[in-house]
Amino acid sequence: MARVGNGADGAEPEEDCFEDAFDRIPVASKMDLRTSIEECSMALNLVLNDKFSEALDLLRPWSKDSMYHALGYSSILAMQATMTFEHKDIQAGMATIKEALQTCQRFRKKNSVVESLSSLMSKQTPDSLKAEEMHAEICYAECLLQKATLTFVQDENMISFIKGGIKIRTSYQIYKDCQSLLNMSQGVDRDSEAFRQFEGGVKLGIGSFNLMLSLLPARVLRLLEVIGFSGNREFGLSQLRDGAGSHSLRSILCVLTLLFYQTYVSLILGTGEGNLVEAEALLEPYIERYPRGSIILFFSARIALLRGNFEKALEKFQECISAQQQWRQIHHLCYWELMWCHSFQQQWRDAYRYADLLYRESRWSKAIYVYQKAAILSMMSEEERKTTGEDVVELFRQVEGLKQRLAGKSIPTEKFAIRKSRRYSSATPVKLVIPALEMMYVWNGFTIVGKHADATQRLLITIERAEEQLRNDPNPSEFHPDDQCLVQMLKGLCLKHLGRLLQAELCFTQVLSSEKRIRYDHYLIPFTLYELGLLYKQQGDYVKATRFIEGAKLNYKDYSMESRLHFRIHAALSSLKGSPTNSP
């Protein structure tokens, strides 16, 4: 293995692969590495200032000759495609990514398409690879991830799913190889700009992979470990935090990944314990630099919402909408959040308005949007419903015909909405009970509304009203036991957030005692076991908490939203591992 620096034999030091890297001009292009990274950074700055067209105009001329221009150009179009779900955008994004991969390939070391870690360690060392070749590996890996993402949304068959998976594995292997190169780079100039930029790319890739893989339930991760994947949450977070604190092109991407994790992933796929203090600290310097940037405004609004500061969240989401008009897709993200923000406060008319806007303008999931519209309308009075001109029964009947497939599979939330809406398919529909609050729970919204005591109390009043109506129903339907259990579970959640823990426990145990009476909504039992486990954790009884959450994991299968619960169970059990084992 070649060495950097003076050897024992007194030979002259070999050229540092990063020394003067920015001054060398690659044969394939007239654009040097330094300038390409600088221009890509300028384009990223334009994106954060909502100047999307200008960013594309800056990158386009060199997108076939410079790896960073190619990566930046394809990144913007891929982001647009995943946000619009429009076929023409997906096609354009895919074509651009293929070109970007070809551009990056020209800069990669010719004899190393994708080598195993062992061969990489024996053949490729920091002093045997040029700086351009090392950067090309990182850019190539990022383009592969983009292509995998679009492959998943482009086609509906399992072959596409497998192709996407292979690209992800290849990308992961490149990142691992690059990390090994980084670890072997003790002798090189680690303060050089080229090295810092390479290190930033490695930290983004390795950090993101480790963090996302660590979220997977153990049974899934065990399968992935067989083909070389592994995930460590703390290591992933530390890599991303290091990357966020660096002065590299990808530092803002590390910040955005951490923000997405703390404000979305930890809520939807976890126990809802996102680190909002960290999120605010990460965002603060960017609020000063991009005070009117829609992406920064969006995360500011999201943090306010998660803190239960609904008025500030509403104001910030509206600011985000008015900040730019080029990408309507960012407006759609805001509409989704505004719909929930109003729902948490039971401002059903406003919530309906945003659900209707989403249905009219966004292609993400028409089935979910129609279901949300119908569910929200179900919460209104008869007089309020009439003013909208909508027929609730007709809306619920539309849901099933609007379902999509992703990688050959139905989307879990759509499947849930379809199952629930089938109660309206018969000639004599059986009304759903508080369906908007049930969907609120599916998206872990009670964790958010629980931060706002007044809003939680108002939800509890609505739930208790539904409880009374079910109790006094003169002609109970076959769905009656299921509806009663749903109401009790949601009531228990409100009581828990209000600090009335004993009453919450009684509600949850009442659901569990009714298990044999449930006919359709079998998801209620494992989800209630999970919620009861979290309640015991809150009380400090970690043994009981683990037992109930493990019970939900091991004893139930083939129910609605099963994968979502397994993600949450994995997060809950991981947090319990560091807790005391004895009951107080």
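The rules behind the values
- Residues numbered from 1 in each chain as written.
- Predicted model: local features only at pLDDT ≥ 70, side-chain atom pairs only at ≥ 80, totals over all residues.
- Heavy atoms only, no water.
- Helix = DSSP H or I, 4+ residues; strand = E, 2+ residues; numbered from the N terminus.
- Buried < 20%, exposed > 50% of the residue type's maximum accessible area, 1.4 Å probe, protein only.
- Contact = heavy atoms within 4.5 Å.
- Areas by Shrake-Rupley, 256 points an atom, 1.4 Å probe, with all protein chains shown as cover.
- Axes fitted to C-alpha atoms, helices over the stretch in contact; angles between N-to-C directions.
- Parallel < 35°, antiparallel > 145°, perpendicular 65-115°, else oblique.
- Left-handed = near helix turned anticlockwise from the far one by under 90°.
- Nonpolar A, V, L, I, M, F, W, Y, C, P; charged D, E, K, R; others polar.
- Phe/Tyr/Trp six-rings, centres within 6.5 Å; stacked < 30°, edge-to-face > 60°.
- Lys NZ or Arg CZ within 6 Å of the ring centre and 35° of its normal.
- Salt bridge = Lys/Arg side-chain N within 4 Å of Asp/Glu carboxyl O.
- 1 Å grid on protein atoms, 1.4 Å probe; cavity = no way out; pocket = protein on both sides within 12 Å on 5 of 7 lines; lining within 4 Å.
- Points joined across faces, edges and corners; volume = space filled by probe spheres on them.
- Core = buried A, V, L, I, M, F, W, Y, C linked by side-chain atoms within 4.5 Å.
- Polar contact = N/O pair within 3.5 Å; in protein donor to acceptor, adjacent residues only side chain to side chain.
- Expected span 1.5 Å × (residues − 1).
- Arc of directions from axis to C-beta.
- pLDDT = per-residue confidence, 0-100.

1. Focus: the overall build of the protein
- A count of helical and extended segments in the protein gives 28 helices and two strands.
- Taken over 584 residues, the protein has a buried fraction of 56%.
- A fraction of 67% describes how many contacts in the protein between residues 6 or more apart in sequence connect residues 24 or more apart.
- On the protein, roughly 25500 Å² of surface is accessible, and the fraction owed to carbon and sulfur atoms is 52%.

2. As for the packing of helix α13 (residues 294-306) against helix α14 (residues 310-323)
- As a packed pair, α13 and α14 sit with axes 8 Å apart at the nearest point and diverge in direction by 165°. Comparing the axis directions of α13 and α14 gives the class roughly antiparallel. α13 and α14 meet at a crossing whose hand is left-handed. Facing α13, whose interface residues are S294, L297, F298, S300, A301, R302, A304 and L305, α14 presents F310, K312, A313, K316, F317, E319, C320 and A323.
- Here the contact of α13 with α14 is built from residues that sort into ten nonpolar, two polar and four charged.

3. What to know about the environment of Q488
- Looking at the secondary structure, you find Q488 in helix α24 (residues 480-497).
- Classification of Q488 as buried rests on a relative accessible area of 7%.
- Sequence separation of Q488 and C507 is 19 residues, and the distance between their C-alpha atoms is 5.3 Å.
- Apart from residues lying up to four places away in sequence, Q488 is in contact with E467, C507, Q510 and V511.

4. Quick word on the environment of Q91
- Its location among the elements puts Q91 in helix α4 (residues 87-107).
- Looking at Q91, the relative accessible area reads 37%, which means it is partly exposed.
- Residues Q91 and L150, spaced 59 residues apart in sequence, show a C-alpha to C-alpha distance of 9.0 Å.

5. Digging into the packing of aromatic side chains
- Under the criterion given, the structure shown has 25 aromatic pairs.
- A ring pair is formed by Y286 and Y290, whose centres lie 6.5 Å apart and whose planes are at 5°; its orientation type is stacked.
- Owing to a relative accessible area of 3%, Y290 belongs among the buried residues under this scheme.
- Taken together, the aromatic side chains of F310, W336, W340, F344, W364, Y369 and W443 make up a single cluster linked through ring pairs.
- Sitting over the ring of Y140, R108 keeps its end group 4.0 Å from the ring centre.
- Stacked on the ring of Y354, the Lys or Arg R353 has its end atom at 4.8 Å from the ring centre.

6. Digging into the pattern of salt bridges
- Tallying each qualifying case throughout the model produces 29 salt bridges.
- We note a salt bridge from E400 to R422, for which the minimum N-O separation is 2.9 Å. Of this pair, E400 sits in the loop between α19 (392-398) and β1 (405-406) while R422 sits in the loop between α20 (412-421) and α21 (435-442), and the two are 22 residues apart along the sequence.
- Under the relative-accessibility criterion, R422 is labelled partly exposed at 43%.
- Taking the shortest distance from any N to any O, the salt bridge between E531 and K496 comes out at 4.0 Å. Taken together, the positions of E531 in helix α26 (residues 524-539) and K496 in helix α24 put the pair 35 residues apart, joining distant regions of the chain.
- For E531, a relative accessible area of 4% puts it in the buried group.

7. Some words on the layout of surface pockets
- Its volume calculated, the second largest pocket comes out at about 880 Å³.
- Every element with two or more residues in the lining of the second largest pocket is listed here: α18 (382-388), α19, α23 (453-471) and α24.
- The biggest single contributor to the lining of the second largest pocket is α23, with five residues.

8. What to know about the nonpolar core
- One finds Y68, I376, I434, L437, F446 and L490 to be the most contacted residues of the largest nonpolar core, which totals 183 residues.
- Among the elements that make up this core, the one with the highest residue count is helix α11 (residues 251-268) (eleven residues).
- Leaving out residues up to four positions away in the same chain, I376 has contacts with M339, S343, W348, A351, Y352, A355 and A436.

9. Description of unusual backbone geometry
- One non-glycine residue, I434, lies in the positive phi region at around 35°.
- Summarising the element assignment, I434 is placed in the loop between α20 and α21.
- Although it is not a glycine, N444 adopts a positive phi angle of roughly 60°.
- Of note, N444 is situated in the loop between α21 and α22 (445-449).
- Classification of N444 by relative accessible area gives buried; the value is 7%.

10. Overview of the side chain of Q262
- The topology assignment puts Q262 in helix α11.
- On the basis of relative accessible area, Q262 is assigned to the buried category, the value being 5%.
- Within the local environment of Q262, its side chain forms a polar contact with the backbone nitrogen of N275, the two atoms lying 2.9 Å apart.
- When residues no more than four places from it in sequence are discounted, the contact partners of Q262 are R241, G274, N275, L276, E278, A279 and L306.

11. Focus: the environment of E468
- Mapping E468 onto the fold places it in helix α23.
- With a relative accessible area of 43%, E468 lands in the partly exposed category.
- As a C-alpha pair, E468 and Q484 span 16 residues in sequence and 9.9 Å in three-dimensional space.

12. Thoughts on α23
- Helix length check: α23, at 19 residues, gives a terminal C-alpha distance of 27 Å against a target of 27 Å (1.5 Å per residue), a fit within 8%.
- For α23, the complete set of buried residues consists of A455, T456, L459, L460, T462, I463, A466, E467 and L470. Buried positions in α23, seen along its axis, are confined to an arc of 165° and lie on one side of it. Set apart from the buried face of α23 by more than 90 degrees, the exposed residues are D454, Q469 and R471.
- Looking at the buried residues of α23, the elements they touch are α14, α15 (328-344), α21, α22 and α24.

13. A look at the confidence of the model for the protein
- Put simply, the protein has an average pLDDT of 87, and 87% of its residues get 70 or more.
- Confidence drops under a pLDDT of 50 for residues 1-29, and excluding neighbours within four residues, the segment shows 63 contacts in the predicted structure.
- pLDDT under 50 marks residues 112-123. Its contacts with residues more than four places away, or in other chains, come to 23 contacts.

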